[in-house]
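Observations on the model geometry
Each chain, written out:
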Amino acid sequence: MSFIKLLDCTLRDGGYINDWQFGYHTIRSIIKKLTDSQADYVEVGFLRDCEYDKDRSLYNNCEEIAPILPGKRGNTVFTAMALHNKYSVEKLEPYDGKTIDAVRVTFHDYDIDEGLTFVRRVMEKGYKVFCNPINIMGYSDEALLGLLKKVNNIHPYAFSIVDTFGSMMRADLVRIYSMVEHNLDREITIGLHLHENLALSYSLAQEFIAMKAAGRKSIIDASMLGMGRTPGNLCMELIMDYMNRTQGGGYDINPILDGIDDHIAALKQIEPWGYSMPYAISAKYNLHRNYAEFLIGKGRLRAKQINQILAGIADDKKTAYDEEYIEKLYRAYQDHEVDDSSLRDMLRTAMQGRKVLVLAPGGSLKRQQEKIDDFVAQESPFIFSANFVSHRYAADYTFCSNAMRYDDMVVERRDKNILVTSNLLDVCEEENVLNYAELSFDEKGNCDNCVIMLLKLLCQLGVPQVFVAGFDGYQEKGNNYISSYMASQHTKGMEENVKIRKYMEDVGKQISVVFLTDSLYNE
């Protein structure tokens, strides 16, 4: 007998697609086909405080579930899911073996104790209970160990690794499974629930099967055709076939295929699910999917722009969706979005055939002045100064991304050769404006260091090599800036050095950076 079982969640997770309006006869047909396929577990829907409608897979109690279950169950175990704060457990009848046998309980990382109290109460009624903590990827190692200790104390039937936001990759699965395997009581079954944000659910399920410890009972969730809230779930028909071919499974896939043809394929035509770039982006940052849905709903953003906005979501806002917060981010982005294509074309033309020098305001501009003078005299480079006006070197353009530095800059430089980023539109009236998000955001998040942004711009403009002076790095002692007034505007230190080094490594893969002066970023 295989220690790995399969659980179908079509009628529960799939209900996010059609508001659980499957229809009474369809609900019964899907359950019958899953039973005929010899699915190990079938989740019939949600237990929820609701007005009962026989055409929806939402129920107040087991009495409402009973009519949809088949007369012959075979070896299939029936279950339902309950969110601890959306269902009054008093409504659940004591277990009698005639309807569902198990209840799956979900809770967040901020209401663990309330969720586990709910688990205990369901267990006291005689049901097998699954603990399904939402967004296990959001738990630190320490927090996960603390949760496992609490779970062991109440000893439910199963504990599930739930990748709520679809952000899990192989290394994450290996780490989390190892922690669960070595710290969860051996008698507790380990479950796995995956989503398709990164198009990895099928491969991760295979990895899970390969790494599972011998003797540990496990359950993998899936749904027919992967039906579930976009981008969907692991496909039941695929994982059944894999189990048959590699694990000696005895599943009959034909009833599943019939069910897809009869009921599920038509639903996908109406409200499609599956891999989608915005949801992949939300998974990359381990965000609640509603953020991506909100931005998609605006109907005017490209995937790149969605990426830039999602990258800026604060850590404490990632798990619990905050619509007011994402609306503010969206408005701020829109306010600062500009079309800088013609400005970029002009800069490409102006730099053509010339070496490019970037001057940062570090103290080495004075300490190693002769080296810079020689380079400028010999090469006559195209010069950018970053967030300051150079009095010694005539910069072709002064690049500014800092509002405080801009105030000083306009006093000292009255020509039009100032490039500003669009986050300064509220405080400046410059004509040469570059799109801020294009230069500050990437897959690692937000980096608003002026020199890094300027180097990114030069990369995007196709410059093959850039010479840099005055980009010294922050030191606790010594003169960090060419002018003492600049130091009062910064409290950054060694942590900033670490961050910038990482960005410089990435920049260095796209453009050759030659340091003319000493720099901590050139070590």
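Quick note: structure is the one above.
Here's a quick rundown of the structure. (Residues numbered from 1 in each chain as written. Predicted model: local features only at pLDDT ≥ 70, side-chain atom pairs only at ≥ 80, totals over all residues. Heavy atoms only, no water.)

**With respect to the pairing of strand β17 (residues 465-469)**
It is a general feature of regular strands that their side chains alternate between the two faces of the sheet. The following threshold applies: Burial classes: relative accessible area under 20% of the type maximum marks a residue as buried, over 50% as exposed, and values in between as partly exposed (1.4 Å probe, protein chains only). Strands here mean DSSP runs of E at least two residues long; helices mean DSSP runs of H or I at least four residues long; both are numbered from the N terminus. One requirement defines pairing of two strands: DSSP has to find at least two bridges between them.
Most of β17 is tucked away, with 4 of its 5 residues classed as buried. The pairing of strand β10 (residues 356-359) with β17 spans 3 bridges and is parallel. From the neighbouring strand, Leu357 faces β17, where its bridge partner is Phe467. Pairing geometry for β17 and strand β18 (residues 512-515), over 4 bridges, is parallel. The partner of Gln465 across the bridge, within β18, is Ser512.

**A look at the environment of Phe159**
Along the chain, Phe159 falls in strand β7 (residues 158-162). Put simply, Phe159 and Arg104 are 55 residues apart on the chain and 9.3 Å apart in space, counted from C-alpha to C-alpha.

**A closer look at the pattern of salt bridges**
We apply this condition: Take a side-chain nitrogen of Lys or Arg and a carboxyl oxygen of Asp or Glu: if they are within 4 Å of each other, that pair is a salt bridge.
Overall, the coordinates contain 26 salt bridges when judged by the stated rule. A salt bridge links Lys150 to Asp113, with the nearest nitrogen and oxygen atoms 2.9 Å apart. Of the two residues, Lys150 is situated in helix α6 (residues 141-154) and Asp113 in helix α5 (residues 112-124); the sequence distance between them amounts to 37 residues. With a relative accessible area of 34%, Lys150 lands in the partly exposed category. For Asp113, a relative accessible area of 45% puts it in the partly exposed group. One salt bridge in this structure joins Arg229 and Glu293, with 3.1 Å as the shortest N-O distance. You can see Arg229 sitting in the loop between β9 (218-222) and α9 (236-246) and its partner Glu293 sitting in helix α12 (residues 289-297), a full 64 residues away along the chain. For Arg229, a relative accessible area of 23% gives the class partly exposed. Connected through shared salt-bridge partners, Arg12, Asp13, Glu43, Arg104 and Asp221 make up one network.

**Details of helix α7 (residues 170-183)**
Test applied: Here, expected helix span is obtained from the residue count minus one, scaled by 1.5 Å. Only heavy atoms matter for contacts: two residues are in contact if any of them lie within 4.5 Å across the pair.
Counted at 1.5 Å a residue, the expected span for α7 with its 14 residues is 20 Å, and the 20 Å between its end C-alpha atoms agrees. On its buried side, α7 packs onto α6, β7, β8 (189-193) and α8 (201-211).

**Let's talk about the nonpolar core**
Definition in use: Take the buried residues of types Ala, Val, Leu, Ile, Met, Phe, Trp, Tyr and Cys, join any two whose side-chain atoms come within 4.5 Å, and each joined set is a nonpolar core.
Ranked by size, the top nonpolar core spans 80 residues in total, and within it Val44, Leu47, Ile100, Phe159 and Ile239 carry the most contacts. Discounting residues that sit within four places of it in the chain, Val44 has contacts with Leu11, Ile31, Ser57, Tyr59, Ile65, Ile68, Leu69, Phe78, Thr79, Ala80 and Ile100. Core analysis: the second largest hydrophobic core is formed by 39 residues, Phe384, Val451, Leu457 and Tyr474 among them.

**Quick notes on the packing of aromatic side chains**
Short version of the rule: When the centres of two rings from Phe, Tyr and Trp lie within 6.5 Å, Trp using its six-membered ring, the rings pair. Their planes under 30 degrees apart give stacked, over 60 give edge-to-face, and anything left gives tilted. Put simply, a charge is over a ring when the Lys NZ or the Arg CZ is close to the ring centre, within 6 Å, and near the line of the ring normal, within 35 degrees.
In the structure shown here, the tally under the stated rule is 15 aromatic pairs. Ring geometry for Tyr95 and Tyr127: centres 5.3 Å apart, planes at 65°, overall edge-to-face. On the criterion of sequence distance, the pair formed by Tyr95 in the loop between β4 (77-83) and β5 (102-107) and Tyr127 in the loop between α5 and β6 (128-133) is long-range, its members being 32 residues apart. With a relative accessible area of 5%, Tyr127 lands in the buried category. In textbook terms, an aromatic cluster arises when at least three aromatic residues are bridged by ring pairs, as seen for Tyr16, Trp20 and Phe46. Lying across the ring of Trp20, Arg48 places its NZ or CZ 5.1 Å from the centre.

**Thoughts on the packing of helix α20 (residues 450-460) against helix α21 (residues 494-508)**
What counts, and what does not: A fitted line through C-alpha atoms serves as each axis, taken over the contacting stretch for helices, and the angle formed by two N-to-C directions is quoted from 0 to 180°. We call two directions roughly parallel when the angle between them is under 35 degrees, roughly antiparallel when it is over 145, roughly perpendicular when it lies between 65 and 115, and oblique otherwise. Under the convention adopted here, Pro, Cys and the residues Ala, Val, Leu, Ile, Met, Phe, Trp and Tyr are nonpolar, Asp, Glu, Lys and Arg are charged, and Gly plus all remaining residues are polar.
In contact at an axis separation of 11 Å, α20 and α21 are set at 10° when each is read in the N-to-C sense. With respect to each other, α20 and α21 are oriented roughly parallel. Taking contact as the criterion, the partners of Ile452, Leu455, Lys456 and Cys459 in α20 are, on α21, Ile500, Tyr503, Met504 and Val507. Tallied by class, residues from the contact of α20 with α21 come to 7 nonpolar, no polar and 1 charged.

**Brief notes about unusual backbone geometry**
Of note, the bond from Thr230 into Pro231 is cis; its omega dihedral lies within 30 degrees of zero at 15°. With respect to the helices, strands and loops of the structure, Pro231 is situated in the loop between β9 and α9. Positive phi values are uncommon outside glycine, yet Trp20 reaches one of about 65°. In this fold, Trp20 is placed in the loop between α2 (15-18) and α3 (24-36). Residue classification places Trp20 among the buried positions, given a relative accessible area of 6%.

**Focus on the pairing of β6**
For clarity, the threshold we go by: When the strands point away from the viewer, a crossover counts as right-handed if the route from the first strand across the helix to the second turns clockwise.
The element β6 is extensively covered by neighbouring structure, given that 5 of its 6 residues are classed as buried. By the bridge criterion, 6 bridges tie β5 to β6 in an arrangement that is parallel. Its bridge partner lying in β6, Val105 is registered against Cys131. The parallel pair β5 and β6 is bridged by α5, and the resulting crossover is right-handed. The pairing of β6 with β7 spans 2 bridges and is parallel. Looking at the pairing, Cys131 lines up with Phe159 of β7. Viewed along the sheet, the connection from β6 through α6 into β7 turns out right-handed.

**Some details on the sheet that holds strand β12 (residues 397-400)**
One open sheet accounts for 7 strands, arranged β14-β13-β12-β11-β10-β17-β18; its pairing is parallel. Every interior strand has two partners, whereas the edge strands, β14 (433-434) and β18, have only one. Contacts from helix α17 (residues 369-379) reach β10, β11 (382-386) and β17 within the one sheet, and its direction differs from that of β10 by about 150°. The sheet strands contacting α20 are β10, β11, β12, β13 (418-421), β14 and β17, and the helix crosses β11 at an angle near 145°.

The values are spatial; any link to function lies outside them.
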